[in-house]
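Residue-level listing of the chains:
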Amino acid sequence: MLYIVATPIGNLKDFTHRAVEVLSSVDLIACEDTRHTKILLEHYGIRTLTTSFFQHNRFTKGEYLLGLLQSGKNIALVSDAGTPGILDPGYNLINLAIQNNIEMTFIPGAAAFVNALVLSGKPAHEFYFAGFLPNRAGARKNQLQKLKQLECTLVFYESCHRILASLEDIGLVFGDKEITVARELTKKFEEVLRASPKTIQDKLSNHKPRGEFVIVI
Ligand code: SAM
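Attention here is on the structure that accompanies the text. (Residues numbered from 1 in each chain as written. Predicted model: local features only at pLDDT ≥ 70, side-chain atom pairs only at ≥ 80, totals over all residues. Heavy atoms only, no water.)

**Some remarks on the packing of helix α6 (residues 137-148) against helix α7 (residues 163-174)**
Moving on, step 1. Here α6 crosses α7 at 45 degrees, and the two axes come no closer than 10 Å. Relative to α7, α6 is oriented oblique. Of the two possible hands of crossing, α6 and α7 adopt the one that is right-handed. Counting all contacts with α6, which are made through A137, R140, K141, L144, Q145 and K148, the residues of α7 involved are A165, S166, D169, I170, L172, V173 and F174.
Moving on, step 2. Of the residues assigned to the contact of α6 with α7, the class counts are seven nonpolar, two polar and four charged. (Axes fitted to C-alpha atoms, helices over the stretch in contact; angles between N-to-C directions. Helix = DSSP H or I, 4+ residues; strand = E, 2+ residues; numbered from the N terminus. Parallel < 35°, antiparallel > 145°, perpendicular 65-115°, else oblique. Left-handed = near helix turned anticlockwise from the far one by under 90°. Contact = heavy atoms within 4.5 Å. Nonpolar A, V, L, I, M, F, W, Y, C, P; charged D, E, K, R; others polar.)

Shown next as structure tokens:
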């Protein structure tokens, strides 16, 4: 059986009893980064064997893990934070398991976009999760223009390196519309800003932006 297990996006206490039970009882945990996951495992006293499964070994390691699953082993799949498969390694192994009729289940937990969407107070009955915006300004503006046509809430992930540039372009495309920027969700310095792109950009420009961000328009 393949268990897809969501892990906390910052606060280690955001982890279910069932997730601890599953990670403690499987034969192997496939981690995006074994050193990162060790912090969570040590916190909960979980001693299960780990192995790495990430972007660059996903094909070879995927076949290896498939072999183990076919021989009857139970494997849990986790990423560094949040839900595997949501912009995190997982997609390939999940598909390989489906193609090979491996029994599979998902142990639910955190995904950063859900926290941000809920905290934004914007309509959540219809929303579009657009992942990361393109790196280059031209492509980013084009993508924003395209998404502006959708009549629903838009959600983006962003890094501290690009948040100011993205807010600049969001301001150019969406004007003074009130947006939400959620930072360091569930962590000590969680912050939710609700204002125009320009106002948030100015506020974040006071210091070098740090942490992880979700933008809701
Ligand atoms: N699998 C994760 C999930 O379920 O949300 C997403 C992983 S993606 C590689 C990393 C991005 O998620 C970050 O750049 C940031 O945009 C967002 N993110 C993850 N944790 C966050 C947090 N605690 N606060 C705000 N954004 C977060």
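After that view, the rundown keeps rolling.
**What to know about the sheet that holds strand β7 (residues 153-159)**
Moving on, step 1. If you trace the five strands from one edge of the open sheet to the other, you get β6-β7-β10-β8-β9, paired in mixed fashion. Looking at the sheet topology across the chains shown, the edges are occupied by β6 (127-132) and β9 (191-195). Each neighbouring strand pair of the sheet contributes to a mean axis angle of 15 degrees, computed without reference to strand direction.
Moving on, step 2. Strand direction decides the pairing type here: β6 and β7, joined by four bridges, are parallel. Looking at the pairing, F127 lines up with T153 of β7.
Moving on, step 3. Docked against the sheet, helix α5 (residues 112-120) engages β6, β7, β8 (179-183), β9 and β10 (212-216), running at close to 50 degrees with respect to β10.
Moving on, step 4. Sheet strands touched by helix α8 (residues 197-205): β8, β9 and β10. Its angle to β9, the strand with the most contacts, is close to 140 degrees. (Pairing = 2+ DSSP bridges.)

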